[in-house]
Amino acid sequence: MSDSIISLQDIAVSYGSEQVLKGFNLDIRDGEFVTLLGPSGCGKTTVLRTIGGFITPDTGEVFFGGKKITALPPHKRAVNTIFQRYALFPHLNVYDNIAFGMRLKKKSEKEVKETVHAMLALVNLKGYAHRGVSQLSGGQQQRVAIARALANEPKILLLDEPFGALDLKLRKDMQVELKKIQKQTGITFIFVTHDQEEALSMSDTVVVMDGGEIQQIGSPTDIYNEPKNAFVADFIGESNILDGVMVKDLEVRFAGHTYPCLDKGFGENVPVDVVIRPEDIEVTAADSAHLTGEVTAVTFKGVHYEIIVDVQGFKWMIQSTDYRAVGDRIGLVIGPDDIHVMAKSEYSGLFGDYSTFSDEMDDDINASAESVEDD
Amino acid sequence: MKTKSKLLSAPYSVWMTVFIVVPMVLVVWFAFTDTAGNFTVENILNVGQYSNVFLRSIGLGAVATVISLVMGYPLAYGIAKMAPRRQSVMVMLVMLPMWMNFLLRTYSWMTLLEDNGLINALLTSIGLPRLHMINTGGAVVLGMVYNYLPYMILPLYSVLTKIDQSVIEAAQDLGANSRHVFLRVIMPMSTPGIISGVTMVFVPAVSTFIISKMLGGGGNLLIGDLIDMQFLGSAYNPNLGSAISLVLMVIILICMGIMNQFDDSDGEEGGIMP
């Protein structure tokens, strides 16, 4: 790609005997907001640290604007990083933190002063120049970290789960602000997160990763609407994933019925995975639909109800604004454009059935996964 | 709640009153009285005669402190960079000499440094001339460094291990090479450790008397020896001894005050950057 600012070619990284990345290829265009999304241990932070220069890959090359930078140390790269825990210099105040990089480049104090104040304005921290960094809140510290990195005029800004330590409300505000800053500065942002909502709402391009490999690259809408395999479908949003057979083009059979769909090109009578998003399913009376089932659980989520329905042993998740009581028999209506067909993959059968689903467990798993990554 | 915490601190309060506050009051009392118990400033004025001893003590103590810092800092830094398991072994090794008696340790240096000691025996056996080492200022400094080095290393080690690796990476990320990382991040962040290390070496080094007695001979009298002489030695004069102690105490307090000026880690002005 001619306009790619960063190009990773055939990168392999291992920690001891553990292979974290292998045969990893990625091109990132100048000015893009790219998010590396995946669960803990998928290698996303390793990709970031390779670009930042903190890891030298075992094999493979890193190119920056066409030039090989694989062996270049971090301080010589036109790349700056926002660290998960801010990593501000505790012995310096806000002003000196932001001025750090510019002073190393021997900029004049006049220029330093102008830039520091411009950066403080950019991150909404006017008047904080002479505060000590330990007196700031988490959100303010993260803003200082962003200002400190941007003051260096990087070509690329790397962000390693920058909002991981912030509470939900602040997180949302920072997401909006960060996106605004990216648009204003036009700098390429490479953002790492395990939060799919964050990835969808901020990025131009999302790179979904698992097991050290890229599962799918695409725009947020592509990733959500056209997931490539069961992993992506399950990781991005909620999905019912069923075993199906592509009878022929535009016709797929699952859950005991044949449905018209919009997918083609799989061949005839080919086993496939079928994804149906919970919000796409229409709930009707039991006698007016092909699929009927019994409601086994209902959770109020604010915007909608989350209804778990048992259809011949397979538990579906439905998101509906209409309330249904546990024990009700309901009908499920699925239209052609609600169906997304995917080829079978190593992830087939692992995801998409809500029979063991519970919110609490999901949260527990997320929490423990995060604490593992912290170590 | 309040009475409870008062009660808990009672043993130490009593201890401190009886064994620290009262003796200090006595030192001040003796310093400002003559043998008959009348008020006088003569003792304090007489301390002036020994200004050369004061200068020598402070000079040798300062040299020993600087050497300890220069030797201790890289070691503490090295230990802090090791794997956690090796760190604890290294810290134990640093403290190992402290398990041996202080007198014994200093005494063994005597046998090493003597004109007919082990080092000179070794030198002559390979055909080199003898070196006069014992009873010199250098021998005193050596004794000080040898005895107090662990007190420099430990506080340095403890602040250096607390420096987050991501802060160092942040500095590299912002364009700092290893020299800049050290001068602009690691050093300023370890200032509190430098201050406590310097304090813990300088104060006992300035007031030592055993080391100078054993390794310094008669020509390297230190303040400690001077005070020792006023209480236990030939020149018995507790009033003068107290006055010297008092002056020493004031000098050390001033030194500490100056040292603490360098610790602006939580000050508003980040004055370390040029």
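Structure shown above.
What counts, and where the lines are drawn
In every chain, residue numbers begin from 1 and rise along the written sequence. Each chain is given a letter, starting from A, and each ligand a number, starting from 1, according to the order in which they appear as written. Reporting in this predicted model follows two pLDDT cut-offs: at least 70 for local features of residues, and 80 or more for side-chain atom pairs to be given and counted; totals over whole chains, interfaces and linings ignore these cut-offs and use all residues. Note on conventions: DSSP H or I runs of at least 4 residues are helices, E runs of at least 2 residues are strands, and numbering of each starts at the N terminus. Each residue is classified by how many other C-beta atoms fall within 10 Å of its C-beta atom, where C-beta atoms are placed from the backbone; a count of 20 or more means buried, 12 or fewer means exposed, and values in between mean partly exposed. To obtain each axis, a line is fitted to C-alpha atoms, and for helices this fit is confined to the stretch in contact; angles are then taken between N-to-C directions over 0 to 180 degrees. Just so you know how the angles are binned, under 35 degrees is roughly parallel, over 145 roughly antiparallel, 65 to 115 roughly perpendicular, and the rest oblique. By convention the crossing between two helices is left-handed if the near helix lies anticlockwise of the far one by an angle smaller than a right angle, and right-handed if it lies clockwise. By the convention adopted here, residues are in contact when the distance between their C-beta atoms, placed from the backbone, does not exceed 7 Å. Amino acids are sorted into nonpolar (Ala, Val, Leu, Ile, Met, Phe, Trp, Tyr, Cys and Pro), charged (Asp, Glu, Lys and Arg) and polar (every other residue, Gly among them). To form a nonpolar core, buried Ala, Val, Leu, Ile, Met, Phe, Trp, Tyr and Cys residues must be joined through C-beta atoms within 7 Å. At least two bridges found by DSSP between two strands are what make those strands a pair.

**Q** Explanation requested: the overall build of chain B in the structure shown.
**A** Helix and strand counts for chain B come out as 13 helices and zero strands. Along chain B, helices (α) and strands (β) appear in the sequence α-α-α-α-α-α-α-α-α-α-α-α-α when read from the amino end. Projected onto its principal axes, the C-alpha coordinates of chain B cover approximately 70 × 70 × 40 Å. Within chain B, the proportion of its 274 residues that are buried is 31%.

**Q** I would appreciate a short explanation of the packing of helix 12 (residues 223-231) of chain B against helix 13 (residues 238-261) of chain B in the present structure.
**A** Between two packed helices, what matters for the description is the angle formed by their axes and the separation of those axes. Residues and elements named next belong to chain B. Interaxial distance between helix 12 and helix 13 falls to 7 Å at its minimum, and their mutual angle equals 155 degrees. Taken together, the axis directions place helix 12 and helix 13 in an arrangement best described as roughly antiparallel. Here helix 12 and helix 13 pass one another in a crossing that is left-handed. Contacts between helix 12 and helix 13 involve Ile223, Leu226, Ile227, Gln230 and Phe231 on the former and, on the latter, Pro238, Leu240, Gly241, Ile244, Ser245 and Leu248. Partitioning the contact of helix 12 with helix 13 into residue classes produces eight nonpolar, three polar and no charged.

**Q** What is the right way to read the nonpolar core from this model?
**A** Nonpolar side chains in soluble globular proteins tend to be buried together. Ranked by internal contacts, the top residues of the largest apolar core, which has 106 residues, are Ile98, Ala147, Leu157, Leu158, Ile190 and Val252 of chain A. Among all residues touching Leu158 of chain A, those that are not within four sequence positions of it are Leu48, Ile51, Gly52, Val79, Thr81, Ile82 and Ile190 of chain A. Grouped together as the second largest cluster of nonpolar side chains are 43 residues, Leu156, Phe202, Leu215 and Ile227 of chain B included.

**Q** What is the right way to look at the sheet that holds strand 20 (residues 339-343) of chain A in this model?
**A** The strands making up a sheet are joined through hydrogen bonds of the backbone, oriented either antiparallel or parallel. Residue and element names in this part refer to chain A. One open sheet holds the five strands; their spatial order is 13-12-11-14-20, and the pairing between them is antiparallel. Looking at which strands have only one partner, the edges of the open sheet turn out to be strand 13 (257-260) and strand 20. Adjacent strand axes in the sheet meet at a mean angle of 40 degrees when their direction is disregarded.

**Q** Whenever I open this one, the interface of chain A and chain B confuses me. Can you help?
**A** Interfaces are often described in size by the accessible area the parts lose on coming together. Each partner contributes residues to the interface: chain A has 24 residues there, and chain B has 21 residues. Secondary structure elements with two or more residues in the side of chain A that touches chain B: strand 6 (79-82) and helix 2 (94-104) of chain A. Broken down by element, the side of chain A that touches chain B gets its largest block of residues, five residues, from helix 2 of chain A.

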